[in-house]
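Structural description and commentary
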Amino acid sequence: MLKQNDRIKTELITALEKGDVAFLTGGAGSGKTHMLKSIARQFKDSVILSPTGISASNVGGQTIHSFFSFPLHLQQAESANIGIKNAPIISNMNLLIIDEVSMVNPLLMDCIDVVMQRIRKNCAPFGGCAVLLCGDMAQLPPVIPTKRGSGLSEKDVLSKLGYKTTYAFGSKAWQSIQHYFELEGSWRQEGDAEYYFILNQIRDGLLGNQATHLSQALSELNKRCVGRNLVMDCFTTLASTNSSVSEINVSRLSQLTGPEYTYDAAVKGEWRDDLSRAPRQLTLKKGAQVICVANDPKKQFVNGSVGKVVELEEKKVFVRLSGEDTIIEVQPNRWDNWQYGWDDVIGKMSVKSVGNFIQFPLQIGYAMTIHSSQGLTLGNGVKFITQRLFDKSLAYVALSRCPSMNKLSLSQPL
């Protein structure tokens with residue numbers, strides 16, 4: 001797996017150095033984010049973008065809409081404004097990386113392409129800039145709001161514009177991809193080959209490759225995991241809606257005796273709450289289950305570690321991680337709102353923090369939404385509430401958070 005990934009990385013860098021457009025994919029836990037970060041470091045004046053605040057924060061980048069000054073509503077590519085503050089960066093950048101491309105709709109992809117061609121005064125795809133698109137089309141889909149009022153829905157608009165799908169691969173820009181690379185294997189499920197095989201069957205089925213394999217895989221999971229009583233400590237419940245998650249967390253926290261402690265985040269400059277999983281107000285009790293939402297610089301925990309609160313003070317939080325004897329003091333974490341800029345004096349791109357958010361990197365961890373769990377490894381087990389799934393890909397995302405089938409419970413058959 002390591003040798004294959006090294007080969008792919010070398011071939012990708014070679015392609016991007018020529019100014020080509022490439023697509024990097026792979027199943028959950030295959031190392032896509034790690035590789036794109038590594039590749040970005042190889043290029044001067046590279047820009048990393050992602051469709052959501054949290055995913056952008058995870059890769060040290062900026063959201064697509066904020067970087068290109070796009071409105072949040074749909075706009076036709078020809079109408080996109082090119083007189084934007086980041087025009088000098090777009091003119092001079094050597095590499096554009098777009099992560100979580102499964103969540104990008106085709107019109108947005110074409111807008112990026114057209115704007116870059118116009119700003120760079122180059123009619124080649126993306127204005128002749130090297131582009132790395134990264135993501136897994138079996139994971140979270142583009143967010144297309146439901147119809148409100150008497151007007152057309154966004155899906156209807158895309159259809160009227162000639163798009164046959166809501167995914168980025170339906171765009172004109174997608175046709176310019178010259179290189180396809182797929183990472184195989186999974187660091188997350190490397191200890192459970194059978195579960196990895198089943199997840200691969202589900203992924204293949206979602207991608208339209210093997211519908212019969214998808215049916216067989218779901219049948220096996222249902223047989224072994226529906227109604228399973230998880231005996232391990234600190235498992236996490238995954239649900240598709242915020243209301244379900246909130247109900248579980250509030251209920252479980254209220255069952256604990258003892259005083260509540262509330263910790264307010266320190267916020268400076270420009271900040272949006274979707275840039276961090278940590279809440280502005282964190283309310284805890286002794287004994288509460290928490291999940292860590294950042295990697296600890298001292299390597300005491302990682303993003304996704306689960307534990308129990310053992311002691312609380314006015315400005316301190318102490319946690320015992322599941323499976324560990326040691327009690328750790330959790331230090332506040334700083335998240336930055338990174339934005340790319342351009343220095344006219346020296347003629348170079350810059351990356352600066354325009355705002356920050358400091359809070360304990362914790363949230364109540366009895367339950368979380370499937371969207372919030374993307375990118376996490378929930379090693380203590382997953383109870384998956386299978387009801388109210390509004391997209392099949394949510395099932396794959398939820399299932400692939402768990403490292404082993406023995407640590408998975410399904411509320412109902414999939």
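As shown above, the structure is provided for reference.
Since we're looking at a predicted model, the values are computed, not measured.

Some points on the overall build of the protein
What the protein contains, in helices and strands, is 12 helices and 20 strands. The C-alpha atoms of the protein give 22 Å as radius of gyration, which agrees with the globular expectation for 414 residues (22 Å, within 12%). Structurally, the protein occupies a C-alpha span of about 65 × 55 × 55 Å along its principal axes. When the 414 residues of the protein are sorted by exposure, 52% land in the buried category. In the protein, the proportion of contacts linking residues at least 24 apart, taken out of those at least 6 apart, comes to 72%. Of the roughly 19,300 Å² of accessible surface on the protein, 49% is carried by carbon and sulfur atoms.

Points about the sheet that holds strand β15 (residues 333-343)
Read from one edge to the other, the open sheet built from 3 strands follows the order β9-β16-β15, with strand pairing classed as antiparallel. At either margin of the open sheet sits one strand with a lone partner, and together these are β9 (266-269) and β15. This sheet shows a mean twist of 25° between the axes of neighbouring strands, independent of strand direction. Bridge analysis of β15 against strand β16 (residues 348-359) gives 10 bridges, and the strand direction is antiparallel. Its bridge partner being in β16, G341 is matched across the sheet by S350.

Some thoughts on the nonpolar core
Counting 61 residues, the largest nonpolar core has L12, F68, L96, V101, I112 and L132 as the members making the most contacts within it. In terms of residue count, the dominant contributor to this core is helix α6 (residues 106-120) (8 residues). Beyond its immediate sequence surroundings of up to four residues, L12 is in contact with A22, L24, M35, I39, L132 and F181. Core analysis: the second largest hydrophobic core is formed by 41 residues, A217, A265, A294 and A395 among them.

Quick look at the side chain of S50
Mapped onto the fold, S50 is located in strand β2 (residues 46-50). From its side chain, S50 meets the backbone oxygen of D99 in a polar contact 3.5 Å long. When near neighbours in sequence (up to four residues on either side) are disregarded, S50 contacts S55, A56, Q62, T63, I64, D99 and E100.

Rules behind the numbers
- Residues numbered from 1 in each chain as written.
- Predicted model: local features only at pLDDT ≥ 70, side-chain atom pairs only at ≥ 80, totals over all residues.
- Heavy atoms only, no water.
- Helix = DSSP H or I, 4+ residues; strand = E, 2+ residues; numbered from the N terminus.
- Rg over C-alpha atoms; globule rule 2.2 N^0.38 Å.
- Buried < 20%, exposed > 50% of the residue type's maximum accessible area, 1.4 Å probe, protein only.
- Contact = heavy atoms within 4.5 Å.
- Areas by Shrake-Rupley, 256 points an atom, 1.4 Å probe, with all protein chains shown as cover.
- Pairing = 2+ DSSP bridges.
- Axes fitted to C-alpha atoms, helices over the stretch in contact; angles between N-to-C directions.
- Core = buried A, V, L, I, M, F, W, Y, C linked by side-chain atoms within 4.5 Å.
- Polar contact = N/O pair within 3.5 Å; in protein donor to acceptor, adjacent residues only side chain to side chain.

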